[in-house]
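Descriptive structure summary
If you want the building blocks of each chain, they are given just below.
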Amino acid sequence: MKKTVCFNFLFAAFYLFTTVAFAQDYDILIKKGHLIDVKNGLDKVMDMAIKDGKIAAVGDNISARKAKTVINAEGLFVSPGLIDIHGHHFFGTEPNAYLSNSFTALPPDGFTLRSGVTTVVDAGGSGWRNFQTFKEQAIERSKTRVLCFLNIVGSGMKGGAMEQNLGDMNAKLTAMVARQHPGIIVGVKLAHYSGFDWTPTERAVEAGNLADIPVMIDFGGSEPELSLETLFMEKLRPGDIFTHAYAHVQRRTPVVNANGKVEEFALAAQKRGIVFDVGHGGGSFLFEQAIPSMQQGFKPNTISTDLHTGSMNGGMKDIVNVMSKFLNMEMPMNELIATVTWNAAQAIKRTDLGHLSEGAVADVTLLNLKEGDFGFIDTRGKRMKGTKKLECELTIRDGKVVYDLNGISKPEWNEN
């Protein structure tokens, strides 16, 4: 009996020892990828390890024996998970509701993870009246992290006359709902107002002040035209976001004038702290605006898609296609990655995101840079040739592989 007890004790001790000795420290190890992490000044080939949904280690040569899954990222760029600060994801079945509980908006997971996007911000689909519906339908049911700019219009982005209703633009109620959901509601949105009136802008900014969050504005459409310079220099605050920066639409001054020069007030506004966002969309991005802007040093602070059914099958396609356009306009890779990671995180005051610091959430994107003969389309149907194109190879959300284009995180079929 004593021998049996002794043997069992020794066996248990040996098992415990060998389990501890050969335990794998990491869930995922990404080897030999070119890390770009702007916050931490990283722009070189390194290894990165993930454990329990967090970044566990970043180093030059982390042992592959320490990980359950090893991903060979040689030749790929490894970045924080991409953040798209302007999308439309309040999907639903309500007819004639434009981008608020409607057919035009998109369920996040089908259109984000495959493009390397781990965080989206719905840009004004819901207002204070219907935010709870959006939260239950999209935020709580998505693998993608879904955040929100709350529309200053209480009923959200319903389109048409609904978005002209000054009586439904309540700064106090908008701010109240925003304060009830800190970190999820990250800003206030104003869009599509066509009256010659600063009241909607002023109420959006008032809500932003009350809730201590930025305002994103889709400006234009008033007749007579409201001054873009006044908007930038007097109405918006440093940190507020001007989306559709490279659009040229009716009744809105473009940032590049008829002489091909970037307006001085636009350059001054960017220096003042106004955040210029791409917001490509289905009608808000022209090469005739973007190319001269890039040549004259007027670069976007953030790159976003304005994703919805009207843009995804046109010139926009997805965020890596929009990024590829700027890559072919000679935007350096580290600056490009910053616009969809650390810059975006700062713009929405979510500085827990957009970087690969040890202990940060393990949202990671692997991008493949391809060279060849490519073409890119703007929202007027004009083409720009390019020789470089980004493709999402793999996406990790909260420490789990959620998209893998070529199976680089998987074992071979004939391996044991």
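For the structure itself, consult the block above.
A brief structural summary.

Turning to the overall build of the protein chain, a few remarks are in order. If you tally the helices and strands in the protein chain, you get 11 helices and 15 strands. Compactness check: the protein chain gives a C-alpha radius of gyration of 24 Å against a globular reference of 22 Å for 416 residues, within 12% of the reference. Structurally, the protein chain occupies a C-alpha span of about 95 × 45 × 40 Å along its principal axes. For the protein chain, the accessible surface area stands at approximately 18200 Å², while carbon and sulfur atoms represent 51% of it. If you average the places of the 44 positive and of the 46 negative side-chain charges in the protein chain, the two averages end up 5 Å apart.

Within helix α5 (residues 228–235) the residues assigned to the buried category are Leu-228, Thr-230, Leu-231 and Phe-232. Between the side-chain oxygen of the N-cap and the backbone nitrogen of Glu-229 there are 3.3 Å, and the N-cap of α5 in question is Ser-227.

Topologically, Thr-305 is positioned in the loop between α7 (287–295) and α8 (309–312). Overall, Thr-305 belongs to the buried group, its relative accessible area being 2%. Reaching out from Thr-305, the side chain makes a polar contact with the backbone oxygen of His-86 at a distance of 3.3 Å. Only 3.1 Å separates the side chain of Thr-305 from the backbone nitrogen of Leu-307, close enough to count as a polar contact. With sequence-adjacent residues up to four places away left out, Thr-305 is seen in contact with Asp-84, His-86, Gly-279, His-280, Gly-281, Met-316, Asp-318 and Ile-319.

Attention shifts here to the packing of helix α3 (residues 171–180) against helix α4 (residues 199–211). Helix-helix packing is characterised by the crossing angle of the two axes and by the distance between the axes. For the pair α3 and α4, interaxial distance at closest approach is 8 Å and the crossing angle is 35°. As α3 packs across α4, the resulting crossing turns out to be right-handed. Residues Ala-171, Lys-172, Thr-174, Ala-175, Ala-178 and Arg-179 of α3 form the contact with α4, whose participating residues are Arg-203, Glu-206, Ala-207, Leu-210 and Ala-211. Tallied by class, the residues present in the contact of α3 with α4 amount to six nonpolar, one polar and four charged.

Once that is clear, we can look at the pairing of strand β6 (residues 82–87). Taking burial as the measure, the six residues of β6 include six buried ones, the bulk of the element. Strand direction decides the pairing type here: β6 and strand β7 (residues 117–123), joined by four bridges, are parallel. Paired with Asp-84 across the bridge in β7 is Val-120.

Before going further, it helps to examine the environment of His-192. Position of His-192 relative to the elements: it lies in the loop between β9 (185–191) and α4. Residue His-192 is classed as partly exposed on the basis of its relative accessible area, which comes to 29%. Distance from His-192 to Ser-222, taken between C-alpha atoms, is 9.2 Å for residues 30 residues apart in sequence.

So, on to the packing of aromatic side chains. Each pair of aromatic rings is reported with the distance of its centres and the angle of its planes. Scanning the entire structure with this criterion turns up 13 aromatic pairs. On the basis of an interplanar angle of 45° and a centroid distance of 6.1 Å, the ring pair of Phe-232 and Phe-265 is categorised as tilted. Pair noted here: Phe-232 is in helix α5 and Phe-265 is in helix α6 (residues 264–272), with a separation of 33 residues, a long-range link. A relative accessible area of 0% means that Phe-232 is categorised as buried. Looking at Phe-265, the relative accessible area reads 13%, which means it is buried. For the pair Phe-232 and Phe-276, a centre-to-centre distance of 5.2 Å together with 80° between the ring planes defines the contact as edge-to-face. Separated by 44 residues along the polypeptide, Phe-232 in helix α5 and Phe-276 in strand β12 (residues 275–276) bring together distant segments of the chain.

Analysis parameters
Residues numbered from 1 in each chain as written. Predicted model: local features only at pLDDT ≥ 70, side-chain atom pairs only at ≥ 80, totals over all residues. Heavy atoms only, no water. Helix = DSSP H or I, 4+ residues; strand = E, 2+ residues; numbered from the N terminus. Rg over C-alpha atoms; globule rule 2.2 N^0.38 Å. Areas by Shrake-Rupley, 256 points an atom, 1.4 Å probe, with all protein chains shown as cover. Lys, Arg positive; Asp, Glu negative; His and termini not counted. Charge placed at Lys NZ, Arg CZ, Asp CG, Glu CD. Buried < 20%, exposed > 50% of the residue type's maximum accessible area, 1.4 Å probe, protein only. Polar contact = N/O pair within 3.5 Å; in protein donor to acceptor, adjacent residues only side chain to side chain. Contact = heavy atoms within 4.5 Å. Axes fitted to C-alpha atoms, helices over the stretch in contact; angles between N-to-C directions. Left-handed = near helix turned anticlockwise from the far one by under 90°. Nonpolar A, V, L, I, M, F, W, Y, C, P; charged D, E, K, R; others polar. Pairing = 2+ DSSP bridges. Phe/Tyr/Trp six-rings, centres within 6.5 Å; stacked < 30°, edge-to-face > 60°.

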